[in-house]
Amino acid sequence: MLAGAGYVLLLILCLVSFSSGGDPFVFFDWTVSYLKAFPLGVKQQVIGINGQFPGPVLNVTTNWNVVVNVKNDLDEPLLITWNGIQHRKNSWQDGVLGTNCPIPAGWNWTYEFQVKDQIGSFFYFPTLSFQRAAGGYGGIIVNNREVIPLPFNVPDGDITIFISDWYTRSHKELREDIEDGKDIGVPDGILINGFGPYGYEQALVPKGITYQIINVEPGKTYRLRVHNVGISTSLNFRIQNHNLLLVETEGSYTVQQNYSNMDIHVGQSYSFLVTMDQNASSDYYIVASPRFVNSSARAKASGVAILHYSNSQGPAAGPLPDLPDEYDAYFSMNQARSIRWNVSAGAARPNPQGSFRYGDITVTEVYVLLNRPAVLINGKLRTTLNGISYLPPSTPLKLAQQYKIPGVYKLDFPNKLMGRPPKVDTSLINGTFKGFVEIIFQNNDTTVQSFHMDGYAFFVVGMDFGVWTENSRGIYNKWDGVARCTTQVFPGAWTAILVFLDNAGIWNLRAENLDTWYMGQEVYVSVVNPEVDTSENHLPENAIYCGLLSSLQHDQAQRVHFSDAPAVSNTRTPILIAILITLFVALMRQPW
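What counts and how
- Per chain, the residues get numbers from 1 upward, laid out in the order the sequence is written.
- For this predicted model, a pLDDT threshold of at least 70 governs which residues receive local features, and a threshold of 80 or more governs which side-chain atom pairs are given and counted, while totals over whole chains, interfaces and linings are taken from all residues.
- Excluded from the side-chain calculations are hydrogens and water; all other atoms, namely the structure's heavy atoms, are used.
- For this analysis, a nonpolar core means a set of buried residues of the types Ala, Val, Leu, Ile, Met, Phe, Trp, Tyr and Cys, connected via side-chain atoms within 4.5 Å.
- A simple rule labels every residue: compare its accessible area, found with a 1.4 Å probe on the protein chains alone, to the largest value its type can have, and call it buried under 20%, exposed over 50%, or partly exposed in between.
- Think of it this way: DSSP has to see at least two bridges between two strands before they count as a pair.
- Secondary structure elements are defined from DSSP: runs of H or I of at least 4 residues count as helices, runs of E of at least 2 residues count as strands, and each element is numbered from the N terminus.
- Structural elements are reduced to axes, namely lines fitted to C-alpha atoms, with helices fitted over the stretch in contact, and the angle between N-to-C directions of any two is expressed from 0 to 180 degrees.
- Across the chain, each position has a pLDDT score giving the predictor's confidence in that residue, from 0 to 100.
- The criterion used for residue contact is that any of the two residues' heavy atoms lie within 4.5 Å.

Thoughts on the nonpolar core
Thought 1: Formed by 54 residues in total, the largest nonpolar core has its most connected members in Ile231, Leu369, Ile439, Phe441, Met453, Val499 and Leu509.
Thought 2: Counting residues in hydrophobic clusters, the runner-up holds 47 residues, among them Val66, Val70, Val408 and Ile506.

Below, the structure written as structure tokens:
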């Protein structure tokens, strides 16, 4: 009897072990609504989530399944994108107009995605109607699994910091200005975590502005995840008397280097380790200053928060820490070139990051994407890539592909600027599945541009001033160029990236600068697996239909509603354990 029972017990333990090995689910219920705030001392309507501005941080771990139920309490449609989350074979959850119908006002919709084979620091934000200018953003932390060690000592704390340019005009007013062909102008200020500047200089900072205080303990080391969630301004980040040890950017561990300051361009994210090694004779300034704007605007717009040691002996004082030469783009470019991939570190998997050896792969396609200042097309001011200003169709591209609707888009985006007038069109890049693509961003505009690609991390292999030519490949970094999802392109310069198209779906490639994106500076990349791919996610059951498929839409009553699920759950395991225990008790009562 004991032998038989032991065998059953062993079987049960094996089954329990197997059942508990699944990736857990985490559940979040969000209400996106307008809030009243005073970021620069002026009453404004901002966009918050669950009453928070900025929104809550999604803190998850590699391979977890994330379920976010979003209720839209705004007065206009909403979509949220998860900037840098790759949505492996699941572009349905990407939250951009090419893949999703907007969530109508008063509706809720549930995002469900897995942070598959990723680690790092990212953020989310609303993608429609210039809403990011009013907020609606928050952080995403994807932690290492326990079996994968960090390439540095575990920090004593983890702090998320959002830096952004800010306007006292509403996002609707800014949107109208752009639609009327007006320049939105220089920002009215810089926010840090949704707060205005500390009153470091009375002539520049009005009284009564609430500022951010970050409390720390002396001698401890903190991981600071810094995101530029602004509209169009590159920002220089620094902390008075403290070094920034760069350790990660957008999902890649980097070679660890100390910086006194870091230029963080629109849409970019960085992780720094900062040790509280000062004598705390006073508090210290945390500063975010505009780059590459005129000096009067820079002085007006500096963002300042306070780093407060628990044993601090007084308030911060004196001038702000020095900013690099305002117009020295060479400094900024050389700083960007110095950021290298840590090819010996594990990340989502235990193998080294550098084991991919991207420099040994043969390039199959080359695209030179040229952007220029906005031009008039059909009487409207529009921005372009290779002379094409993207026009979103009423039916999302992914839905049109799913239902084989002809005429919604064309797979004919040119790989270089064509000798023809600029036009508005819905033209996609026809990507080859598992092709290795070289993309060169050539910036013929007068401002720094950031470009982002959904669904992927790409390798930043080169950047320089002037016009890219075939000979420019001679300066490419083919060994430890950092892998990330957003890169800067300086005015009158180029940046080259390499990307392996192994993620089936339709993916947005866009300017992160909100003004140029809104005016048409984006394109989608269609990546279709020519074989039957059973692993690519199917159309979600709760899909919203619009455009040519509006007739398929059911009432909101049939949508997925807010859940009462726990924050973390692996629902199969408790049920299976209960069944197996019952079975074990019954078997123990049997003669053997």
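Quick notes on the sheet that holds strand β18 (residues 284-290)
Thought 1: Ordered by their spatial adjacency, 5 strands build an open sheet running β11-β19-β18-β13-β16, and the pairing between neighbours is mixed. With one partner strand each, in any of the chains shown, β11 (213-216) and β16 (262-264) form the two edges of the open sheet. Between one strand and the next, the sheet's axes are offset by a mean angle of 25°, whatever the strand orientation.
Thought 2: Relative to strand β19 (residues 303-309), β11 is paired through 4 bridges, and the arrangement is parallel. In the strand pairing of β19, isoleucine 214 is matched with leucine 307.

Concerning the confidence of the model for the protein
Do not read the fine detail of predicted coordinates wherever pLDDT is low.
Thought 1: Confidence along the protein averages 91 in pLDDT terms, with 89% of residues attaining 70 or more.
Thought 2: Per-residue pLDDT stays below 50 along residues 1-20; that stretch engages in 22 contacts with residues further than four places along the chain or on separate chains.
Thought 3: In this model residues 571-585 is a low-confidence stretch, pLDDT under 50, and it forms 13 contacts with partners more than four residues away in sequence or in other chains.

A closer look at the side chain of histidine 265
Thought 1: By the element assignment, histidine 265 lies in the loop between β16 and β17 (269-275).
Thought 2: With residues near it in sequence (within four places) discarded, histidine 265 still touches Asn228, Ser234, Phe292, Ser332, Val448, Ser450, Gln488 and Phe490.

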